[in-house]
Amino acid sequence: MADKPFLPEQIADHNARHIAALTDEYEALGRALGRRGIDIDGVKAKVSGFSLALPTWATGRGGTRFAKFPIPGEPTNIHEKLADCAVVQQLSRAAPRVSLHFPWDGASDYVALREEAEAYGLGFDAVNSNTFQDQPGAEHSYRSGSLGAADTAVRAQAIRHNIDCIEIGKTLGSKALTVWVGDGSNFPGQQDFTRALDRYIEATSEIYSRLPDDWQLLLEHKMFEPAFYSTIISDWGSSLMAAQELGPKAKCLVDLGHHAPNVNIEQIVARLHRVGRLGGFHFNDSKYGDDDLDSGSINPHQLFLVFNELAEAEARVPGPTPAYMIDQSHNVTDPIESLLSSTESIVSAFAKAALIDRDALHDAQDRDDPMMAFQALRRAYRVDVSAIVAMARMEAGGAIDVLEFYRDSGWRARKAQERKPVGLGAGIV
Ligand code: LRH
Ligand code: MN
């Protein structure tokens, strides 16, 4: 059975070199926050309770339609992808779950796969279906859609695939199915908007009927791509409409990259939480389209504002935590380094939002004092929380400086010797 990627002694040796500086930074920040009436250990405890899921499909190099440039030692199968996710979890201690995508992560024995993951200290978050690519030998093509396709036989094939994903997920211990479909049109007139949505909801209701009682169906909206004129589930409104018609186990998943530039995503988060339909997130960042860049790398303030809305909603109506998942495409970095860096950015945005003085914010809002309302957020945002995040990580057995440890470990070079090379290609996989 798989062992953890690194020996605890290796991490302890690394931390021994960093602990004095970290302790000094933590205590100094503790005093500064103390002067604001904030208990730093309380924030650290919240950070220790935060966790997210890693996407297996982002452990290898991603690409665009133009090209993909693999790196030596990138994973070539689900077992190697799990090993790389185990590296991120063992060092960050904030990524104890993995989100699988089918058929990309197909395996012969899912009971054994579950045990393999458990040995790494990993569990399984939402499983993802794929009816946006045709599989070799498939009876019907998804070129004209899947769950929203006009052809009943195509919809039936897509429904069967999603039900198969649920069955696999039940064996793995997942509690949710994420459904993203690229269904849409490229020409005005090509598709009747209403009949297409009706077909999608009718087909998805058959998937919904096969959900175990304690499962959720996460509907992922996306403005465009691969369809470039209309997309059936193009925005949160269409997603919410479908979720409300499907039933209480249907929730909306917000992929940060699936909106037009400058859309107020944090307001969408507040809206979906208000009606109890905020099911989860795909964290990434973007500048133009669905760029799938590293979370917090382009617009860290937006990530902070999203977590501000989550903290506000949680304070107002405590409820189940949404599924926090990363969904990125690593086209130019070592995917493990990007997942480590992105996890740090997401945990840091959560920590900064936990520093917001909500009473001061509400008071300024009620007094119609825009500047002091903004300052209530800005005072939290400008705090460097890295000492809190690192201390929580260290105390949970992780590495104080995850990227330094990873680079010193020689993991990728070692895997380049062990793993077969990945061929040149294009696209995500
Ligand atoms: C679609 C998407 C979806 C996944 C895919 C890998 O753009 O965000 O979540 O299925 O990327
Ligand atoms: Mn996504």
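The structure displayed is predicted, hence computed values, not measured ones.

Criteria and cut-off values
- Residues numbered from 1 in each chain as written.
- Chains lettered and ligands numbered in written order.
- Predicted model: local features only at pLDDT ≥ 70, side-chain atom pairs only at ≥ 80, totals over all residues.
- Heavy atoms only, no water.
- Near = heavy atom within 4 Å.
- Polar contact = N/O pair within 3.5 Å; in protein donor to acceptor, adjacent residues only side chain to side chain.
- Areas by Shrake-Rupley, 256 points an atom, 1.4 Å probe, with all protein chains shown as cover.
- Nonpolar A, V, L, I, M, F, W, Y, C, P; charged D, E, K, R; others polar.
- Axes fitted to C-alpha atoms, helices over the stretch in contact; angles between N-to-C directions.
- Helix = DSSP H or I, 4+ residues; strand = E, 2+ residues; numbered from the N terminus.
- Parallel < 35°, antiparallel > 145°, perpendicular 65-115°, else oblique.
- Contact = heavy atoms within 4.5 Å.
- Core = buried A, V, L, I, M, F, W, Y, C linked by side-chain atoms within 4.5 Å.
- Buried < 20%, exposed > 50% of the residue type's maximum accessible area, 1.4 Å probe, protein only.
- UniProt positions renumbered as here; feature names shortened; annotations may be inferred.
- Salt bridge = Lys/Arg side-chain N within 4 Å of Asp/Glu carboxyl O.
- Donors = N, O, S within 2.8 Å, 3.2 Å for Na, K, Ca; no water.
- Tetrahedral: all angles 85-135°; square planar, octahedral: opposite > 155°, others 65-115°.
- 1 Å grid on protein atoms, 1.4 Å probe; cavity = no way out; pocket = protein on both sides within 12 Å on 5 of 7 lines; lining within 4 Å.
- Points joined across faces, edges and corners; volume = space filled by probe spheres on them.

Peer 1: Is there a simple way to explain the site of ligand 1 in this structure?
Peer 2: Neighbouring residues of ligand 1: 12 residues in total, closest H101, E220, K222, D255 and D327. Between ligand 1 and K222, the relevant distance is 2.9 Å, taken from an oxygen atom to a side-chain nitrogen or oxygen of the residue. Interatomic distance of 2.7 Å between a side-chain N/O atom of D327 and an oxygen atom of ligand 1. About the coverage of ligand 1: the protein hides 96% of its 290 Å² of free accessible area. When grouped by side-chain class, the residues that make up the shell around ligand 1 number four nonpolar, three polar and five charged.

Peer 1: Is there a simple way to explain the packing of helix α9 (residues 300-316) against helix α11 (residues 358-366) in this structure?
Peer 2: Packed helix pairs are specified by the crossing angle of their axes together with the interaxial distance, meaning the distance between the axes. At a minimum axis separation of 12 Å, α9 and α11 run at an interaxial angle of 90°. In terms of axis orientation, α9 runs roughly perpendicular to α11. Residues N308, A311, E312 and A315 of α9 form the contact with α11, whose own contacting residues are R358, L361 and H362.

Peer 1: Teacher, can you tell me more about the nonpolar core here?
Peer 2: A general tendency of soluble globular proteins is for nonpolar side chains to be buried together. Residues L91, Y200, F281 and F307 are the most contacted members of the largest nonpolar core, which totals 114 residues. Counting residues per element, this core draws most heavily on helix α10 (residues 335-354), which supplies nine residues. Excluding residues that lie within four positions of it along the chain, L91 makes contacts with F6, I11, L340, R393, G398, A399, V402, F405 and Y406. The next biggest cluster of nonpolar side chains, apart from the first, holds seven residues, and it includes A53, A126, L253 and A323.

Peer 1: Looking at this structure, how should I read unusual backbone geometry?
Peer 2: Note that the residue after F102, namely P103, is joined by a cis bond; omega there is 15°. Following the sequence through the fold, P103 ends up in the loop between β2 (97-99) and α4 (110-119). The peptide bond linking E225 to P226 adopts the cis configuration, its omega dihedral lying at 15°. Locating P226 in the fold gives a position in the loop between β7 (216-220) and β8 (230-231). With a phi close to 75°, E225 is a non-glycine residue in the positive phi region. Within the element layout of this structure, E225 appears in the loop between β7 and β8. Look at E225 and you get partly exposed, because its relative accessible area is 34%.

Peer 1: Teacher, can you tell me more about the UniProt feature "domain: Xylose isomerase-like TIM barrel" (unreviewed entry) in the protein here?
Peer 2: Per the UniProt record, "domain: Xylose isomerase-like TIM barrel" (unreviewed entry) is annotated on residues 100-296. End C-alpha to end C-alpha, residues 100-296 measures 23 Å, and it is 35% helix and 15% strand.

Peer 1: Help me understand the pattern of salt bridges in this model?
Peer 2: Side-chain pairs of opposite charge can arise where the charged atoms are in close proximity. All told, the structure shown has 22 salt bridges when counted by the stated rule. Salt bridges linked by common partners bring E80, D84, D334, R412 and R419 together as one network.

Peer 1: Would you mind going over the coordination of the manganese ion (ligand 2) with me for this structure?
Peer 2: Here the manganese ion (ligand 2) is held by the protein donor atoms E220 (OE), D255 (OD), H282 (ND1) and D327 (OD), which lie 2.1 to 2.2 Å from it. If you look at the manganese ion (ligand 2), its six donor atoms make angles of 72 to 170° with each other, and the shape they trace is octahedral. Look at where the donors of the manganese ion (ligand 2) fall in the sequence and you get E-x34-D-x26-H-x44-D. Here D327 lies in the loop between β11 (323-326) and α10 and E220 lies in strand β7, a separation of 107 residues in the sequence.

Peer 1: How should I be thinking about empty space enclosed by the protein in this particular structure?
Peer 2: Counted by the stated rule, this structure contains one cavity of 30 Å³ or more. Approximately 40 Å³ is the volume found for the largest cavity. Lining of the largest cavity is provided by K222, M223, F224, G257, H258, H259, G289 and D290. Looking at the lining of the largest cavity residue by residue, the classes come out as two nonpolar, four polar and two charged.

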